[in-house]
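Descriptive structure summary
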Amino acid sequence: MKGGKQEILPDGRARLAPYGLRKIEATLIENGFDENDIATVPPMSLSKFIGENTKVVGITAMNTNGLTYCDQTFTALVGFGSDSYNSYKFRSLMFDKALRSTRAKKILGGAGAWQVQGAYCRDYFGIDTIVMGEGENVVVPLFQQACEGKTLPPLVEGTPIRDETKIPCIHNGSIYGTVEISRGCGRNCQFCSPTKRLRRDIPLTTIEQEVKVNFRTRKNEGAPNRERTIFTPTGHKKKGQLDQQQERMIFLTTEDIMLYQCRSPDFLPNTEAILKLIKLLVDLGVETFQPSHISLAAVAASP
Ligand code: SF4
């Protein structure tokens, strides 16, 4: 998790956190866990929050052992050794004194979970349970068992929430203003894992709520040095101006924005639904949005 001053609240909690972690936080709060018993914190605040009464620590990690394409390629090209930055940071986190010495159960999920699912890695990093795949359906009983001090299964396979209206909204801000608009893809490229996931489009009502949550928590009012001039690729800008732009920027996660609400067996874009989505964002005051993926195939099919 990024550790810039503005991303951390004065008490040490995360002002902005990884989106997946926010989904798990929301799932727990909406399923009987008291919000006051949950703290979402960045690595540097662990020692402030892990104590005798801590029962369980949930960890999200995107690239635990640096085994993704980018890490492998760039580390080989420009790295100063065999360890990638991601794997170095993950190891630092897992060997953090507070985390290492606690008796609380450690549950790890996220995109990098597969890299540490083996018995050796689980043992080396001191992880009690690895959650693979979507976590919302499985974390509640798992966290309950952990709170009761029960032995946890080493590996849990997540299952998809089939009804997209039941996917919980985040309650607090996500890093980069991330808002999910779809899960899964369905194009069935043979090398791809997201395509194995059940395809769902997130309803506009959920998207609206999550954009509002992000606007609320990403307000940079009162941030220091707003008059400072910063050089950017598009010229000199005041820091306050950049902060404002950032507040109104949303990152849309999707396997392909062009497939939003797509109902065509040939994967032709549902232009009406995409325009409705963009209109919603504009009406909410989004100034810039960045989709995580957009396919040229859809553009070529429906120019
Ligand atoms: S279009 Fe992209 S996300 Fe979809 S199956 Fe192919 S590679 Fe995977």
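Note: the structure precedes this text.
Described below are features of the structure shown in this document. Everything numeric here is computed off the predicted structure, so don't read it as measured data. (Residues numbered from 1 in each chain as written. Predicted model: local features only at pLDDT ≥ 70, side-chain atom pairs only at ≥ 80, totals over all residues. Heavy atoms only, no water.)

**Quick word on the overall build of the chain**
Looking only at helices and strands, the chain has 11 helices and 11 strands in total. A compact globule built from 303 residues should have a C-alpha radius of gyration of about 19 Å, and the chain, at 20 Å, falls within 12% of that. Viewed in the frame of its principal axes, the chain has a C-alpha envelope of about 55 × 50 × 45 Å. Of all 303 residues assigned to the chain, the portion counted as buried reaches 43%. A sequence separation of at least 24 residues applies to 69% of the contacts in the chain between residues at least 6 apart. Accessible surface, the chain: about 16,900 Å² in total, of which carbon and sulfur atoms supply 55%. (Helix = DSSP H or I, 4+ residues; strand = E, 2+ residues; numbered from the N terminus. Rg over C-alpha atoms; globule rule 2.2 N^0.38 Å. Buried < 20%, exposed > 50% of the residue type's maximum accessible area, 1.4 Å probe, protein only. Contact = heavy atoms within 4.5 Å. Areas by Shrake-Rupley, 256 points an atom, 1.4 Å probe, with all protein chains shown as cover.)

**Section: the site of the ligand**
As a structural note, the neighbourhood of the ligand is formed by Cys185, Arg187, Asn188, Cys189, Phe191, Cys192, Thr195 and Glu255. In the shell around the ligand, the residues fall into four nonpolar, two polar and two charged. (Near = heavy atom within 4 Å. Nonpolar A, V, L, I, M, F, W, Y, C, P; charged D, E, K, R; others polar.)

**With respect to the packing of helix H8 (residues 204–217) against helix H10 (residues 271–284)**
Packing of H8 against H10 brings their axes to within 11 Å, and their N-to-C directions diverge by 30 degrees. Classified by the angle their axes make, H8 and H10 are roughly parallel. Along this stretch, H8 crosses H10, giving a crossing that reads as right-handed. Taking contact as the criterion, the partners of Leu204, Ile207, Glu208, Val211, Lys212 and Phe215 in H8 are, on H10, Leu277, Leu280, Leu281 and Leu284. The class makeup of the residues in the contact of H8 with H10 is eight nonpolar, no polar and two charged. (Axes fitted to C-alpha atoms, helices over the stretch in contact; angles between N-to-C directions. Parallel < 35°, antiparallel > 145°, perpendicular 65-115°, else oblique. Left-handed = near helix turned anticlockwise from the far one by under 90°.)

**Some words on a nonpolar patch on the surface**
A cluster of nonpolar side chains, namely Phe74, Leu77 and Val78, defines an oily patch on the protein surface of about 350 Å² accessible area. On the basis of relative accessible area, Val78 is assigned to the exposed category, the value being 62%. (Patch = residues over 30% accessible without salt bridge, like charges linked within 9 Å, V, L, I, M, F, W, Y side chains within 5 Å. Salt bridge = Lys/Arg side-chain N within 4 Å of Asp/Glu carboxyl O.)

**A look at the packing of helix H1 (residues 19–29) against helix H7 (residues 139–147)**
Contact pair H1 / H7: the axes reach a minimum separation of 10 Å and the direction vectors enclose 75 degrees. Between H1 and H7, the interaxial angle falls into the category roughly perpendicular. Together, Ile24, Thr27 and Leu28 of H1 and Val139, Val140 and Phe143 of H7 make up the contact between the two elements. Split into classes, the residues belonging to the contact of H1 with H7 amount to five nonpolar, one polar and no charged.

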